Amino acid sequence: FYSRMLREAGTPGYDVYSPGRRFATLFQLVRSLRVFRPHVVWSSQFGDGLHGGLAGRLCGALVLVGVRSNGFAEMALYRRRAPWTLRLAHALVANSVSGRDNLISVGVAPERIQVLPNVIELQSFDAQSLRPLSLALGDGRIVAAAIGRLETSTKRLDRFVKAVALARQTVP
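Residues numbered from 1 in each chain as written. Predicted model: local features only at pLDDT ≥ 70, side-chain atom pairs only at ≥ 80, totals over all residues. Heavy atoms only, no water.

Moving on, we get to the overall build of the protein. From N to C terminus, the protein includes eight helices and five strands. Walking the protein from its N terminus toward its C terminus, one meets helices and strands in the order α-α-β-α-β-α-α-β-α-β-α-β-α. By the burial criterion, 34% of the 172 residues in the protein qualify as buried. Taking all contacts inside the protein whose residues are at least 6 apart in sequence as the whole, residues at least 24 apart take part in 57%. Per element, the accessible surface of the protein, about 11,000 Å² overall, is 57% carbon and sulfur. (Helix = DSSP H or I, 4+ residues; strand = E, 2+ residues; numbered from the N terminus. Buried < 20%, exposed > 50% of the residue type's maximum accessible area, 1.4 Å probe, protein only. Contact = heavy atoms within 4.5 Å. Areas by Shrake-Rupley, 256 points an atom, 1.4 Å probe, with all protein chains shown as cover.)

What follows is the structure, encoded as structure tokens:
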């Protein structure tokens, strides 16, 4: 689904998924990101945060992990992996205040969690986008990576791809 969209947007994509072989997928992801050297690694789903977090940390990227439910659901679903995902993420992006509060209640520092509601009030978002970026990115280029399966539309990577395509019109 997204492979075609990536090609049409002029954005290169790399498939590192090895069905049924988590460690092979992780190894390929780490190897690819160490070559690609993104500044930001975004795992839109908490379940992808362990792979994205480890690979992102090993390549020196800022690691962001999405919390799409209430925080407790992610902790319950990914019991053994959840603590590692929380440690590896530089920041978490929750889609609700209750998700943020629940993560704080289990010990996540409040300053590591940002709330980005499912519905974005565009005027406020536009105002925020005009603020200068506080990351030192070197040669004026921004490199980003999204972690997730391309064959599913539930992760809405199409929005990420479109945002990257728009950004590439302004920043090479």
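After that view, the rundown keeps rolling.
The two faces of strand E3 (residues 91–94) match: Ala91 and Val93 on one face and Leu92 and Ala94 on the other face are all buried. Alignment of strand E2 (residues 62–67) against E3, held across four bridges, turns out to be parallel. By the bridge assignment for E3, Gly66 is matched with Val93. When E3 meets strand E4 (residues 113–115), the two strands line up parallel, connected through three bridges. (Pairing = 2+ DSSP bridges.)

Below, the discussion takes up unusual backbone geometry. Positive phi, close to 55°, is recorded for Arg37, a residue that is not glycine. As for its placement among the helices and strands, Arg37 is situated in the loop between helix H2 (22–36) and strand E1 (40–43).

Counting across every chain of the model gives one aromatic pair. Taking 6.1 Å as the distance between ring centres and 40° as the angle between the ring planes, the aromatic pair formed by Phe46 and Tyr78 counts as tilted. In this pair, Phe46 is assigned in the loop between E1 and helix H3 (49–58) and Tyr78 in the loop between helix H4 (72–77) and helix H5 (82–88), connecting sequence segments 32 residues apart. Residue Phe46 is classed as buried on the basis of its relative accessible area, which comes to 3%. Overall, the relative accessible area of 23% leaves Tyr78 in the partly exposed class. The ring centre of Trp84 lies 4.9 Å from the NZ or CZ of Arg87, which sits over that ring. (Phe/Tyr/Trp six-rings, centres within 6.5 Å; stacked < 30°, edge-to-face > 60°. Lys NZ or Arg CZ within 6 Å of the ring centre and 35° of its normal.)

Closest axis-to-axis distance for the H2/H3 pair is 9 Å, and the angle between their directions is 35°. The handedness of the crossing between H2 and H3 comes out as right-handed. Each of Arg22, Thr25, Leu26, Leu29, Val30, Leu33 and Arg34 in H2 lies in contact with H3, whose residues at this interface are His51, Gly52, Leu54, Ala55, Gly56 and Leu58. A breakdown of the residues in the contact of H2 with H3 according to their chemical character gives seven nonpolar, four polar and two charged. (Axes fitted to C-alpha atoms, helices over the stretch in contact; angles between N-to-C directions. Left-handed = near helix turned anticlockwise from the far one by under 90°. Nonpolar A, V, L, I, M, F, W, Y, C, P; charged D, E, K, R; others polar.)

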